[in-house]
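Chain residues, written in single-letter form:
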Amino acid sequence: MAQRDALIFLGAEAEVTRSAYLGLESVRKRRVPKTYRHKELDDRIRRERTRAESQLLVEANAAGVPVPRVLDVDESTATIELQAIEGEPLRVVLERGAANALALCRRFGQIVARLHGAGLVHGDLTTSNVLVSGPGLVLVDFGLAQRSADVEDRGVDLHLVERTFESTHPERPEFHGEFLAGYRASLPESAMVLARTQEIKERGRYT
Amino acid sequence: MRVLGIESTAHTFGVGIVEEGEPGRCRVLANQRRMHVPASGGIHPRVAADHHAEVAASTLDAALTEAKSTASEIDAIAYSEGPGLGPCLRTGATAARTLAARLGRPLVGVNHCVSHLEIGRGTTDARDPLLLYTSGGNTQVIAYARGRYRVFGETLDVGIGNALDKFAREQGMPFPGGPKVEALARGGSRLLDLPYTVKGMDVAFSGVTTAAQALVARGERLEDVCFSLQETAFAAVTEVAERALAQTGKREILMGGGVACNERLALMVRTMAEARGARFHRPEKSLLVDNGAMIAWNGLLALAAGLRTPLGSSTVNQRYRTDQVEAAWRNGTH
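Residues numbered from 1 in each chain as written. Chains lettered and ligands numbered in written order. Predicted model: local features only at pLDDT ≥ 70, side-chain atom pairs only at ≥ 80, totals over all residues. Heavy atoms only, no water.

Points about the overall build of chain A
Working step 1: Secondary structure summary: chain A contains 6 helices and 10 strands in total.
Working step 2: Taking 207 residues into account, the globule formula puts the C-alpha radius of gyration at 17 Å, and chain A, at 17 Å, falls close to it.
Working step 3: With respect to the principal axes defined by its C-alpha atoms, chain A has extents near 45 × 35 × 30 Å.
Working step 4: With 207 residues in all, chain A has 49% of them scored as buried.
Working step 5: The long-range share in chain A, meaning contacts at least 24 apart out of those at least 6 apart in sequence, stands at 62%.
Working step 6: For chain A, the accessible area works out to roughly 9900 Å², and carbon and sulfur atoms hold 51% of it.
Working step 7: Each charge sign in chain A was given a centre, from 29 positive and 31 negative side chains, and these centres are 1 Å apart. (Helix = DSSP H or I, 4+ residues; strand = E, 2+ residues; numbered from the N terminus. Rg over C-alpha atoms; globule rule 2.2 N^0.38 Å. Buried < 20%, exposed > 50% of the residue type's maximum accessible area, 1.4 Å probe, protein only. Contact = heavy atoms within 4.5 Å. Areas by Shrake-Rupley, 256 points an atom, 1.4 Å probe, with all protein chains shown as cover. Lys, Arg positive; Asp, Glu negative; His and termini not counted. Charge placed at Lys NZ, Arg CZ, Asp CG, Glu CD.)

Have a look at this one:
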C-alpha cells in the first residue's frame, strides 16, 4: 500500500497515489472497497472496471491517443499501475494565461477526435483530465470510458467539454472554438457529432 | 401562514396542512393520504384520476378535522403542478383551483420533486443537502447549485420503484410490490448475478427486472432473487448518489420518495454517507411517500417569497422539470 502522504487524489470511486514500479515513477489507481455494497458484488464490480479501464487505455494507446502507459494490473486488488505523467492539468495552464493556449485547445480537439475515431469515448472529458506534458497533451482518467462509436456517447463527451470551458473560462469563447476546430479537422463524421451535441444541450441535463 | 397542499401526481391523493414553526421549520398539522390500488396490473392514469375525484372531498374534510381547522382559517392553497400523470394532476389542480376561488385565497403550483427535497429541509436538520429521490416513477439525484435545483443524475429508463413493483407483479404480489420484495429479501442470502448499470452519473433498471424474472423462471428461491434484486439495484443508486456528492461537494445527503422507506436502501445510503463524512437525513415515512404536507410546505416557501399562480394560468405540467423551478425562496442561500 502506498503511504497516506503520497495521495494525489481521492475520488468517489478510487484513490490515486504516487508510487514506484520497477524503479520507475508511477501512479497507482486503486478502486477502494465500498462497504455499502454486498462484498461479492463489490469485488465483481471493482474487478470488472479495473480490467475494462486498463484494456481501454491500451487500446487508446495503440490508436495513437496520448495516454499513460499501463505498467501493471492487479484485478484482485482492483489496482492499476500507470506511467507517471509530468505536467499540469490543461485547466490550470489555461487559467495561467499560457501564450500557446489556443494551440493547446486545438490539440485537445484533435486528440478527442482520434479517441472517437478509434471507437472509444472518455465519459468524463473535462480540462482537468488532460495534462499538459512537455510540448504535448496526455489524456488521463479512463474510469468512465467505454468502447463506443455511438454518436450519442460522442456527443456527451463534447457536451461536457463545452460546459467545462463555459464554467472555467466564460470570458474566452475562443478556447472552445479552437477545440472544435481541432475536432472537426480530425474526424470525418464530426458534423453529426456536433449536431447531436447541440441536441443534448437543448435537453438541458446538468451532470 | 397556514397552507393547504394537494398532491395528486400518481396513485396517491393527498391533502396536507402546514404552518411555519421556528423560522424554516415545517409544522405538519394534517397529512391525509388516499392511495389508489389497481385491482390488477399497473396504474391506469384515468382510473387513478377517477379515484382521486371520488375521494377529494372526504380527504379534504379529514385533513381539516385532523388539523382542527376550519376552511376559513386556511391562508393559501398549494398544488402539485407536475411532473406526473396528466389526468391525476388535472384532478388535483381542479380541486385546488375550486378551493382557492371559493375561499378567495391565493393559489400556488409547486414542483413535486422539489417538494420532496423541501420537506426534508423543513423537517430534518438538512440545510443544503443532495436529495436522493427514489420512488415508483422517479429516480433522481437533485441538489441546489448555481441558483437552481439541478438534476445531477437520474434513471435512463424506469424509476427504481417501478422496476421493483413490476417484478413483484410478475410474481403475483399485489401492488405496491416494493414492501413485499423487502420482506422476502430478509429471507434471502445468496447473491445471484444481475446486471448492475451505472453510466457515469446515471442508472438504469429495466434490465435488472427482466433478469430477475429469468432467475425465478430458472428455479431460484424467490427470497434469494428479491435479496439480489435489492442488493444490486440499491447499490447502483447509492453509487450514483456518492458520485454526485463528490462532484457537488455537498456535505449532507437527504432521502425522499416511497422507496426511501426501504430499510436496506436507507442503510446503504447511511453507510456511504458515513464513509464520506457526510450527514445523513431521512424524514419520517409519511413524509417520504407522496403526500400533501410536502406540497403545502413548498407552497408556503414559494408564497413567502412572493410567488403566486393566478387562477387563469393554474395549469399542470406533466413534464415539469426540476431545473425549470424558480426557487426564489432559496435566493441568497448557497
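As for the interface of chain A and chain B
Working step 1: Each side of the interface is counted separately: chain A has 19 residues, and chain B has 31 residues.
Working step 2: Across the interface of chain A and chain B, roughly 2100 Å² is buried in total on both sides, 50% from carbon and sulfur atoms.
Working step 3: Inspection of the region where chain A meets chain B yields 5 salt bridges.
Working step 4: One salt bridge connects R44 of chain A with D193 of chain B, and the closest N-O pair in it is separated by 2.2 Å.
Working step 5: Where chain A meets chain B, there are 9 residue pairs in polar contact (both at pLDDT 80 or more).
Working step 6: Among the elements that make up the side of chain A that touches chain B, the one with the highest residue count is helix α1 (residues 39–62) of chain A (5 residues).
Working step 7: In terms of residue class, the side of chain A that touches chain B is made up of 6 nonpolar, 5 polar and 8 charged. (Buried area = accessible area lost by both parts, 1.4 Å probe. Salt bridge = Lys/Arg side-chain N within 4 Å of Asp/Glu carboxyl O. Polar contact = N/O pair within 3.5 Å; in protein donor to acceptor, adjacent residues only side chain to side chain. Nonpolar A, V, L, I, M, F, W, Y, C, P; charged D, E, K, R; others polar.)

Section: helix α10 (residues 292–304) of chain B
Residues and elements named next belong to chain B.
Working step 1: With 13 residues, α10 extends 18 Å from end C-alpha to end C-alpha; this agrees with the ideal 18 Å at 1.5 Å per step.
Working step 2: Among the 13 residues of α10, 12 are classified as buried, and the element is accordingly described as predominantly covered.
Working step 3: By the burial criterion, the buried members of α10 are G292, A293, M294, I295, A296, W297, N298, G299, L300, L301, A302 and L303.
Working step 4: Sitting at the amino-terminal end of α10 is N291, which places a side-chain oxygen 3.1 Å from the backbone nitrogen of A293.
Working step 5: Downstream of α10 by one or two residues, G306 has phi in the positive range, about 95 degrees. (Expected span 1.5 Å × (residues − 1).)

As for the environment of E242 of chain B
Working step 1: Within the secondary structure, E242 of chain B is located in helix α7 (residues 222–248).
Working step 2: Taking the relative accessible area as the measure of exposure, E242 of chain B reaches 4% and is therefore buried.
Working step 3: Separated by 75 residues in sequence, E242 of chain B and N317 of chain B place their C-alpha atoms 30 Å apart.
Working step 4: Every residue in contact with E242 of chain B, bar those within four places of it in the chain, is listed here: A12, K34 and Y36 of chain A together with M272 and R276 of chain B.

Describing the sheet that holds strand β5 (residues 107–111) of chain B
Neighbouring strands of a sheet are bound in pairs by backbone hydrogen bonds; such pairs are parallel or else antiparallel.
Residue and element names in this part refer to chain B.
Working step 1: Read across the sheet, 5 strands follow the order β3-β2-β1-β4-β5 without closing on themselves; strand pairing throughout is mixed. Two strands in the sheet have a free side with no partner beyond their single neighbour: β3 (26–35) and β5. The mean inter-strand angle of the sheet, taken between neighbouring strand axes irrespective of direction, is 20 degrees.
Working step 2: Sheet topology places strand β1 (residues 2–7) next to strand β2 (residues 12–20); 6 bridges connect them, and they run antiparallel. Across the sheet, the residue bridging to G5 is G16, located in β2. (Pairing = 2+ DSSP bridges. Axes fitted to C-alpha atoms, helices over the stretch in contact; angles between N-to-C directions.)

Quick word on the sheet that holds strand β3 (residues 24–31) of chain A
Residue and element names in this part refer to chain A.
Working step 1: Overall, antiparallel pairing links the 5 strands, which are arranged β1-β2-β3-β5-β4 in an open sheet. Unpaired on one side and paired on the other, β1 (7–10) and β4 (70–74) mark the two borders of the sheet. Taken pair by pair, the neighbouring strands of this sheet meet at an average axis angle of 20 degrees, ignoring direction.

What to know about the nonpolar core
Nonpolar side chains tend toward joint burial in soluble globular proteins.
Residue and element names in this part refer to chain B.
Working step 1: Counting residues in hydrophobic clusters, the biggest one holds 55 residues, and the most contacted among them are F205, F234 and I253.
Working step 2: For this core, the leading source of residues is α7, giving 13 residues.
Working step 3: Residues in contact with F205, not counting those within four places in the same chain, are T139, T155, D157, V158, G159, I160, A163, A233 and V237. (Core = buried A, V, L, I, M, F, W, Y, C linked by side-chain atoms within 4.5 Å.)

With respect to the packing of aromatic side chains
Working step 1: Evaluation of the coordinates by the stated rule reveals 5 aromatic pairs over all chains.
Working step 2: Positioned above the aromatic ring of Y144 of chain B is the side chain of R330 of chain B, whose terminal nitrogen or guanidinium carbon lies 4.3 Å from the ring centre. (Phe/Tyr/Trp six-rings, centres within 6.5 Å; stacked < 30°, edge-to-face > 60°. Lys NZ or Arg CZ within 6 Å of the ring centre and 35° of its normal.)

Here we look at the confidence of the model for chain A
Working step 1: Averaged over all residues, the pLDDT of chain A is 92; the fraction at 70 or higher stands at 96%.
Working step 2: Considering only residues more than four positions removed or in separate chains, one finds that residues 1–5 of chain A, a stretch of pLDDT under 50, has 6 contacts. (pLDDT = per-residue confidence, 0-100.)

Here we look at the pattern of salt bridges
Residues and elements named next belong to chain A.
Working step 1: One pass over the full model with this rule turns up 45 salt bridges over all chains.
Working step 2: Residue E75 pairs with R51 through a salt bridge whose shortest N-O separation is 2.9 Å. Here R51 lies in helix α1 and E75 lies in the loop between β4 and β5 (79–83), a separation of 24 residues in the sequence.
Working step 3: Given a relative accessible area of 27%, E75 falls into the partly exposed group.
Working step 4: Classification of R51 as partly exposed rests on a relative accessible area of 35%.

Here's the deal with the domain arrangement of chain B
Residue and element names in this part refer to chain B.
Working step 1: When the domains of chain B are assigned, the result is domain 1 (2–118 + 287–330) and domain 2 (126–282).
Working step 2: At the junction of the two partners, domain 1 supplies 25 residues and domain 2 supplies 23 residues.
Working step 3: Roughly 2000 Å² of surface becomes buried between domain 1 and domain 2 when both sides are summed, with 63% attributable to carbon and sulfur atoms.
Working step 4: It is L117, L288 and R330 that lose the most area in domain 1 upon contact with domain 2, and together they represent 36% of the buried surface on that side.
Working step 5: At the surface where domain 1 touches domain 2, the tally comes to 2 salt bridges.
Working step 6: We note a salt bridge from D128 to R330, for which the minimum N-O separation is 3.1 Å.
Working step 7: At the junction of domain 1 with domain 2, the criterion picks out 10 residue pairs in polar contact (both at pLDDT 80 or more).
Working step 8: When residues of the side of domain 1 that touches domain 2 are assigned to their parent elements, the largest contribution, 6 residues, is made by helix α3 (residues 112–123). (Domains from an automatic or database assignment.)

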